[in-house]
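# Architecture at a glance
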Amino acid sequence: MSGLMATSTGQLALHQSLGRFQITAVGMANKYWMPAQNTLYTHFGYGGNISYQVNQSLTLNAFGYYYNQNPLFAASMAPYLSTTSYGGFADIRINEHFGSNVGVRRYINPMSGRWTTEPIVTPYVKLGKSKMEFPIGNILKTLIWGDRDNPMRFRPPVPPPQRK
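Residues numbered from 1 in each chain as written. Predicted model: local features only at pLDDT ≥ 70, side-chain atom pairs only at ≥ 80, totals over all residues. Heavy atoms only, no water.

The next thing to look at is the overall build of the protein. Scanning the protein for helices and strands turns up one helix and eight strands. When the helices and strands of the protein are placed in sequence order, the string is β-β-β-β-β-β-β-β-α. In the protein, which comprises 164 residues, the share counted as buried stands at 27%. Within the protein, counting contacts between residues at least 6 apart in sequence, those at least 24 apart form 41% of the total. Carbon and sulfur atoms make up 60% of the accessible area of the protein, which amounts to about 11100 Å² in all. (Helix = DSSP H or I, 4+ residues; strand = E, 2+ residues; numbered from the N terminus. Buried < 20%, exposed > 50% of the residue type's maximum accessible area, 1.4 Å probe, protein only. Contact = heavy atoms within 4.5 Å. Areas by Shrake-Rupley, 256 points an atom, 1.4 Å probe, with all protein chains shown as cover.)

Let us now look at the confidence of the model for the protein. Of all residues in the protein, 85% attain a pLDDT of 70 or more, and the chain-wide mean is 86. Element-level pLDDT for the protein is lowest in helix H1 (residues 137-145), with a mean of 85, against a maximum mean of 97 in strand S5 (residues 85-93). (pLDDT = per-residue confidence, 0-100.)

The next thing to look at is the packing of aromatic side chains. With the rule as written, the count across this model stands at five aromatic pairs. Seen in terms of ring centroids, tyrosine 46 and tyrosine 66 are 5.6 Å apart; in terms of plane orientation they differ by 50 degrees. Their pairing is tilted. Remark: tyrosine 66 occurs in strand S4 (residues 58-67) and tyrosine 46 occurs in strand S3 (residues 39-55); sequence separation between them is 20 residues. With relative accessibility at 41%, the residue tyrosine 66 sits in the partly exposed group. Feature note: the residues Phe63, Tyr65 and Phe89 constitute an aromatic cluster, connected by ring pairs. Over the ring of tyrosine 107 we find arginine 105, and its NZ or CZ is 4.2 Å from the ring centre. (Phe/Tyr/Trp six-rings, centres within 6.5 Å; stacked < 30°, edge-to-face > 60°. Lys NZ or Arg CZ within 6 Å of the ring centre and 35° of its normal.)

Now the structure itself:
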């Protein structure tokens, strides 16, 4: 992100396996350096996730992350900022090479400061030890429900009401 910003992230995670349950707790620190504004900003958060393996083909997951602030410095930086979010999804494995994560996520949109709901639809392919994911939830949301949550969308001015 040359000229726009630089980011550094650190986290401490604690993980525990309890039979079919997996529990993870995370503490996070993000640093954002904005050269144009000559600003160094530190952003702290915590959160975690819990998962339950129903069988070999299905795992249920719930997650939540909280950040002390949800800043926005410029519209171009919005996709790179971590924000408070929570949700859940099911990891559905078709076979050892193909599967998909399907669920829902709510997050604070850094552009509007409001909660936004987004579907999680992420088909994936496993090739050896590598995993390629294709997150299409936001695309589906835009195709089905439109782009109403995008604060950058152009809205023509509303003319004043006409007097009779």
